[in-house]
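Residues per chain, in single letters:
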Amino acid sequence: MEVLRHLFEGYPNLWGGGVAHSVLILSLVIAFGIMLGKIKVWGVSLGATWILFVGILFGHLNMNLDEHLLHFMKEFGLILFVYSIGLQVGPGFFSAFKKGGLTLNLLAIIVVVLGVGITVALHLITGLPITTMVGILSGAVTNTPGLGAAQQAYSDLSGIDAPEIALGYAVSYPLGVVGIILSLIALKYFLRINIGKEEKEAERGSGQLQELTVRPTSIEIRNEAVEGISVKELHPLLNRKFVISRIKHREGGETGLVNSDTTLHVGDKILVISTPADIEAITVFFGKEISMEWEQLNKELISRRILITKPELNGKTLSQLKIRNNFGASITRVNRSGVDLVATPQLQLQMGDRVTIVGTELAVSHTEKVLGNSLKRLNHPNLIPIFIGIALGCILGSIPFTFPGIPQPMKLGLAGGPLIVSILISRFGPKYKLITYTTMSANLMLREIGISIFLACVGLGAGKGFVETIINEGGYTWIGYGVIITILPLLIAGLVGKYYFKLNYFTLIGVLAGATTDPPALSYSNDLTSTDAPAVGYATVYPLTMFLRVLTAQMLILSLA
């Protein structure tokens, strides 16, 4: 019995209560939290946030860790979490600001600014400490990195932790998850959405998605000006990003692949891959869109997706590979971080890209050997960029910046610093032959371990005052404040997005889910449609939103605490 008591309560004469005690408490909190996170009510689950609530229960029962060890584990878990997020979103971070993504990100910024504005207004009206309000804000928009950034900023500012930040987060989070989904449902009725019409528009990739997706189109050439012109002569004339993958020559002609020297004639039928924004102009230039079953015309030609797994290809352009000239195969599109890109000659490849190859079985096999396609090689983690990046992130996060109107110098902290470095490394690393790729499973493992440790430590630290705060200090009113912060910005932004930006409904709800960084809302949005419009909208705004949530949480603490 004495052994069990020491295991759960720790040894008072050992730092942290002893290694076995510390590991046991953390493991039990995380394990019980994950088990409870699998429970769904009406299809909605709180997921990893249950770890926070189990930690609060353990803390309330005085099964806790030494405060110094608790602080270290919490910050280390936060670093792992935000760094893995940065590695995931980095490759698409800057491309999200192109023409199509700019509008979507502007709408996400509106959601973030409205949430921050309402938080400040409630702080001034109610007199609640800004630490509590920032915790409520982070929970209301289901943003855990914002919680971590606020805690770290307050710790840097005062030298102590602020448990009320975690309390506010814990109180507002459950209704935050539900409130986001209810807001999306409410918008459907407020905007009088015709689901069939919106579905057809989303399938065509119309609206803002036309700059962010890729679509194959079959075209019959009718323009006399194209007669006798080679493919390489077309690109300067059209000034559009496109790839001509296959061609069926005039009546009775054979179906084959296209290379830069292929000559086009009136009556030829071609398969063009481009963005919906460009495909209309390309179709008008060539002739008329038609329906073709290319796979049935030439069964010797196959299409296969191949992984880029050879390190020496990292940062090389498609034109440098000379796949068409050397093997007679054609790269038609490149999938990176879930987004299809047009396979233009100047496109730089990255480890982990999935390229679509069209050619004969033999040509595709030869190309596969050149590109790698070795899952075993990808599964081997590249740890040097991870730990070098974390070290650089800690250095960047510790550099003070002075801003007018803020009395204390501002730091990016252990949330902002590693996040920015990981985004920059994953985006620009391949250009300098630095391999930053990690498989989705490896990235997810790193992220889940980080967030689990962080939430467990936050819960353990907040456990002692949780019940007292809810019952005797009016904590139940925080739920109402959280509901306001959750719903009001989404409804306002939803109206702006539909009536001012003219967004498709499925794109709109994907953007709103991304603006709250809420996976359950994305899952709900995806279930409403067979198109990928919600997922593309979510992925487009997620990187910037995550960055802004971390930054604004810190700024609120540093300027108003």
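Every value quoted in this text rests on a predicted model; they were computed, and no experiment measured them. (Residues numbered from 1 in each chain as written. Predicted model: local features only at pLDDT ≥ 70, side-chain atom pairs only at ≥ 80, totals over all residues. Heavy atoms only, no water.)

Further remarks concern the overall build of the protein chain. Helix and strand counts for the protein chain stand at 23 helices and 9 strands. Put simply, the protein chain has 561 residues, and 54% of those count as buried. Within the protein chain, contacts between residues separated by at least 24 positions form 79% of all contacts whose residues are at least 6 apart in sequence. (Helix = DSSP H or I, 4+ residues; strand = E, 2+ residues; numbered from the N terminus. Buried < 20%, exposed > 50% of the residue type's maximum accessible area, 1.4 Å probe, protein only. Contact = heavy atoms within 4.5 Å.)

A few words on the side chain of Thr262. Summarising the element assignment, Thr262 is placed in the loop between β3 (255-257) and β4 (269-274). Note on Thr262: relative accessible area 12%, which makes it buried. Once you skip the residues sitting within four places of it in the chain, Thr262 turns out to touch Ile229, Ser230, Val231, Ile247 and Leu257.

Another point: the sheet that holds strand β5 (residues 287-290). Pairing within the open sheet is antiparallel, and its 5 strands lie in the order β3-β2-β4-β1-β5. Edge positions in the sheet fall to β3 and β5, since each of these pairs with one other strand and no more. Direction aside, the axes of adjacent strands within the sheet are offset by 35 degrees on average. Sheet topology places strand β1 (residues 215-221) next to β5; 4 bridges connect them, and they run antiparallel. The residue bridging Glu220 from the neighbouring strand is Lys288, located in β5. (Pairing = 2+ DSSP bridges. Axes fitted to C-alpha atoms, helices over the stretch in contact; angles between N-to-C directions.)

Now for the nonpolar core. Within the largest apolar cluster, 95 residues are counted, with the highest numbers of intra-cluster contacts made by Val29, Leu460, Ile485 and Leu512. Excluding anything up to four places from it in sequence, Val29 contacts Ile51, Val54, Gly55, Phe58, Ala456 and Leu460. Listed in part, the 25 residues of the second largest apolar core include Leu321, Ala329, Leu349 and Val364. (Core = buried A, V, L, I, M, F, W, Y, C linked by side-chain atoms within 4.5 Å.)

Val231, Leu234 and Leu238 are the residues of helix α10 (residues 231-238) that are buried. Along the axis of α10, the buried positions cluster into a sector of 40 degrees, meaning they face one direction only. Seen from the buried face of α10, the exposed residues on the opposite side, beyond 90 degrees, are Lys232 and Pro236. The positive-phi residue at the C-terminal boundary of α10 is Asn239, with phi of around 55 degrees. (Arc of directions from axis to C-beta.)

Before going further, it helps to examine a nonpolar patch on the surface. Together, Ile384, Ile388, Leu392, Ile395, Ile399 and Phe401 give the surface a local cluster of nonpolar side chains, amounting to about 570 Å² of exposed area. Along the chain, Ile384 falls in helix α17 (residues 383-398). (Patch = residues over 30% accessible without salt bridge, like charges linked within 9 Å, V, L, I, M, F, W, Y side chains within 5 Å. Areas by Shrake-Rupley, 256 points an atom, 1.4 Å probe, with all protein chains shown as cover. Salt bridge = Lys/Arg side-chain N within 4 Å of Asp/Glu carboxyl O.)

Looking now at empty space enclosed by the protein. Scanning the entire structure with this criterion turns up 1 cavity of 30 Å³ or more. Here the largest cavity is characterised by a volume of approximately 40 Å³. Only α6 (130-140) and α23 (533-560) provide two or more residues apiece to the lining of the largest cavity. Among the elements that make up the lining of the largest cavity, the one with the highest residue count is α23 (3 residues). For the lining of the largest cavity, the class distribution of residues is 3 nonpolar, 4 polar and 1 charged. (1 Å grid on protein atoms, 1.4 Å probe; cavity = no way out; pocket = protein on both sides within 12 Å on 5 of 7 lines; lining within 4 Å. Points joined across faces, edges and corners; volume = space filled by probe spheres on them. Nonpolar A, V, L, I, M, F, W, Y, C, P; charged D, E, K, R; others polar.)

For the structure on display, the rule yields 1 salt bridge. Taking the shortest distance from any N to any O, the salt bridge between Glu220 and Arg222 comes out at 3.9 Å. Accessibility expressed as a relative area gives 47% for Arg222, which makes it partly exposed.

Glancing now at helix α7 (residues 144-158). Two residues of an α-helix separated by three or four positions point the same way, owing to the 3.6 residues in each turn. In this model, α7 (15 residues) spans 21 Å end to end at C-alpha, consistent with the 21 Å of a helix rising 1.5 Å per residue. By the criterion of burial, α7 is predominantly enclosed, with 12 of the 15 residues buried. Within the sequence span of α7, burial applies to Thr144, Pro145, Gly146, Leu147, Gly148, Ala149, Ala150, Gln151, Gln152, Ala153, Tyr154 and Ser155. (Expected span 1.5 Å × (residues − 1).)

Mapped onto the elements of the fold, Pro418 is located in helix α18 (residues 413-428). A residue is classified by how much of its surface remains accessible, and Pro418, at 0% relative accessible area, is buried. Along the chain, Pro418 and Gly389 lie 29 residues apart, while their C-alpha atoms are 7.0 Å from each other. Once you skip the residues sitting within four places of it in the chain, Pro418 turns out to touch Ile79, Val82, Tyr83, Gly393, Cys394 and Gly413.

Okay, the confidence of the model for the protein chain next. The predicted model of the protein chain has a mean per-residue pLDDT of 76, with 79% of residues at 70 or higher. Between the elements of the protein chain, mean pLDDT differs from a low of 54, seen in helix α1 (residues 2-9), to a high of 88, seen in helix α20 (residues 476-499). Confidence drops under pLDDT 50 across residues 206-210; counting only partners more than four residues distant or on other chains, this segment forms 14 contacts. (pLDDT = per-residue confidence, 0-100.)

A few words on the packing of aromatic side chains. Any aromatic ring pair is given by two values, namely how distant the centres are and how the planes are angled relative to each other. Enumeration according to the criterion identifies 4 aromatic pairs in this entry. Between Tyr500 and Phe501, the ring centres sit 5.1 Å apart and the planes meet at 70 degrees, which makes this aromatic pair edge-to-face. (Phe/Tyr/Trp six-rings, centres within 6.5 Å; stacked < 30°, edge-to-face > 60°.)

Attention now goes to the pairing of strand β7 (residues 330-336). Of all 7 residues in β7, 7 are buried; the element is thus mostly enclosed. As defined by bridge partners, β7 adjoins strand β9 (residues 354-360) across 5 bridges and the pair is classed as antiparallel. Note on β9: the bridge partner recorded for Ile331 is Ile357.

Quick look at the environment of Arg333 now. Of note, Arg333 is situated in strand β7. According to the relative accessible area criterion, Arg333 is buried, its value standing at 17%. Separated by 22 residues in sequence, Arg333 and Val355 have C-alpha atoms that sit 5.9 Å apart.

Another point: the packing of α6 against α20. Between α6 and α20, the least distance of the axes is 9 Å, while the angle of their chain directions is 55 degrees. Comparing their axes, α20 and α6 come out oblique. In the packing of α6 onto α20, the handedness of the crossing is right-handed. Contact residues: Thr132, Met133, Ile136, Leu137 and Ala140 in α6; Trp478, Tyr481, Gly482, Ile485 and Thr486 in α20. Of the residues belonging to the contact of α6 with α20, the class tally is 7 nonpolar, 3 polar and no charged. (Parallel < 35°, antiparallel > 145°, perpendicular 65-115°, else oblique. Left-handed = near helix turned anticlockwise from the far one by under 90°.)

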